[in-house]
Amino acid sequence: MHMNSAPHLLAEDRPEYERILDDALRHAHERPDLAAVGERLNAVQLRTMALDATELITATAATEYKHYVQAREELRGPADGTDHDALPGSGTGRPHQSGAGIGAVVTVLAPVLAGTAAFIFLLAGYLLRLLDPAPSFASTMVSAGWFFAAVTAAAILAAAVGLLITALRNGSEPQPVEDDEEELPEDVARAREAWRHALLERGILPFLRDALADPEAGPASRTPVRSANRIPKVGYSPPDFSSPGDGPAAGPRPTFTSPDFTSPDFGGPEHELD
């Protein structure tokens, strides 16, 4: 961006401009100079007019906006040499877990492994008991199967208790407030606040006051007049159609007669051609 002239409003800052405008219209009833909102122009119409005149309004706070953009660009730094992990709001500089912990793995796998072992030992042990004579280790396998069945039940109970505790702990922790204003450095936050204040006091509020005071202003405005002290006004006058009687006196109208067709004069035999 060339900073030699007043910068245009960047796309990333347009939502902030609209938020300031909406807040001013929302609290217009608290300002005596905006008490006329709703009488001739309502908030929706004023918002439409202000959005059409965005460039005109933001120019009133061009100095503050230039300083804010410069401070923000310095914070971000060059794209090729900046450690973006250290920038506020990037989310990558905070410590995070690369995977599930060993406790979670054990909680998930213990019931599965113990249940599988219990099924195998019990099935094999009871099948061996059907033999005659039954092997001596059949009872041992049945006992091992019941042991693993108890382990399975205990693991499922422990997993359920762990999930309940985790849910309660996450529900009791306050959710982080998504406010990038707290994450910005102090100089950038001050520059943005100065731009907001200048935009509201020198741009939006005077625009709304002029719109309410100008009897010719209307929501149909679409082409703003580039004047620092006027609101955008556009209108059109209907074409001046004149009735035929208002024109010059009509001259004589041209006439024509149909051709006079006559039948050929045929004579009798006595009229022979010489």
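Fair warning: this is a prediction, and the values are worked out from it, not measured in the lab.

So, how was this worked out
Residues numbered from 1 in each chain as written. Predicted model: local features only at pLDDT ≥ 70, side-chain atom pairs only at ≥ 80, totals over all residues. Heavy atoms only, no water. Helix = DSSP H or I, 4+ residues; strand = E, 2+ residues; numbered from the N terminus. Buried < 20%, exposed > 50% of the residue type's maximum accessible area, 1.4 Å probe, protein only. Areas by Shrake-Rupley, 256 points an atom, 1.4 Å probe, with all protein chains shown as cover. Polar contact = N/O pair within 3.5 Å; in protein donor to acceptor, adjacent residues only side chain to side chain. Contact = heavy atoms within 4.5 Å. Salt bridge = Lys/Arg side-chain N within 4 Å of Asp/Glu carboxyl O. Phe/Tyr/Trp six-rings, centres within 6.5 Å; stacked < 30°, edge-to-face > 60°. pLDDT = per-residue confidence, 0-100.

Asker: Looking at this structure, how should I read the overall build of the protein?
Answerer: Tallying secondary structure elements over the protein gives eight helices and zero strands in all. Traced from its N-terminal end to its C-terminal end, the protein shows the element sequence α-α-α-α-α-α-α-α. The buried share of the protein, reckoned over its 274 residues, is 24%. Element-wise, carbon and sulfur atoms account for 60% of the exposed surface of the protein, whose accessible area totals about 19,900 Å².

Asker: Looking at this model, I keep getting lost on the side chain of Glu-16. Mind explaining?
Answerer: Tracing the chain through its elements places Glu-16 in helix α1 (residues 14-26). By relative accessible area, which is 10% here, Glu-16 ends up buried. At 2.4 Å, the side chain of Glu-16 and the side chain of Arg-19 are in polar contact. A distance of 2.7 Å separates polar atoms of two side chains, one belonging to Glu-16 and the other to Arg-196. With sequence-adjacent residues up to four places away left out, Glu-16 is seen in contact with Trp-195 and Arg-196.

Asker: How should unusual backbone geometry be read in this particular structure?
Answerer: Leaving glycine out, the prevailing phi sign among residues is negative, and the prevailing peptide bond configuration is trans. Look at the link from Asp-132 to Pro-133: it is a cis peptide, with omega at 0°. Residue position: Pro-133 is located in the loop between α5 (102-129) and α6 (138-172).

Asker: What is the right way to look at helix α2 (residues 43-52) in this model?
Answerer: Each α-helix winds once per 3.6 residues, and so residues spaced three or four apart point in a common direction. Within α2, burial applies to Leu-46, Met-49, Ala-50 and Leu-51. In this structure, the buried residues of α2 make contact with α1, α3 (54-58) and α8 (186-213). Its side-chain oxygen at 3.2 Å from the backbone nitrogen of Val-44, Asn-42 defines the N-terminal cap of α2.

Asker: So what exactly am I meant to see when it comes to the environment of Ala-144 here?
Answerer: Among the secondary structure elements, Ala-144 is positioned in helix α6. Taking relative accessible area as the criterion, Ala-144 reaches 22% and is therefore assigned partly exposed. Each C-alpha atom, one on Ala-144 and one on Ile-120, is 9.8 Å from the other, the two residues being 24 residues apart in sequence.

Asker: Explain the pattern of salt bridges to me, please; I cannot follow it from the model alone.
Answerer: Side chains carrying opposite charge are able to pair once their charged atoms draw close together. Taken as a whole and assessed by the stated rule, the structure comprises 14 salt bridges. Residue Arg-196 is joined to Glu-16 by a salt bridge in which the shortest nitrogen-to-oxygen separation is 2.7 Å. Note that Arg-196 is positioned in helix α8 and Glu-16 in helix α1, a separation of 180 residues in sequence. With a shortest N-O distance of 2.8 Å, Arg-202 and Glu-64 are connected by a salt bridge. With Arg-202 in helix α8 and Glu-64 in helix α4 (residues 62-76), this residue pair connects regions lying 138 residues apart in the sequence. It is possible to trace a salt-bridge network through shared partners that takes in Glu-12, Asp-13, Arg-72, Glu-73 and Arg-76.

Asker: Which parts of the structure should I look at to understand the packing of aromatic side chains?
Answerer: The geometry of an aromatic ring pair is captured by two quantities: the separation of the ring centres and the angle between the planes. In the structure shown here, the tally under the stated rule is five aromatic pairs. Ring geometry for Phe-121 against Phe-148: centres 5.6 Å apart, planes inclined by 10°, an arrangement best described as stacked. Taken together, the residues Phe-121 in helix α5 and Phe-148 in helix α6 connect sequence positions 27 residues apart. Residue Phe-148 is classed as partly exposed on the basis of its relative accessible area of 26%. Ring centres of Phe-147 and Phe-148 lie 5.6 Å apart, and the angle between their planes is 70°; on these two criteria the pair is classed as edge-to-face.

Asker: Can you help me understand the confidence of the model for the protein in this one?
Answerer: It should be kept in mind that the predicted coordinates are not to be read in detail where pLDDT is low. Residues with a pLDDT of 70 or more make up 62% of the protein, whose mean pLDDT is 74. Predicted confidence for residues 79-99 stays below pLDDT 50, and this span has 17 contacts to residues more than four positions away or in other chains. Note that residues 176-181 has pLDDT below 50 and, in this model, five contacts with residues that lie over four places away or in other chains.

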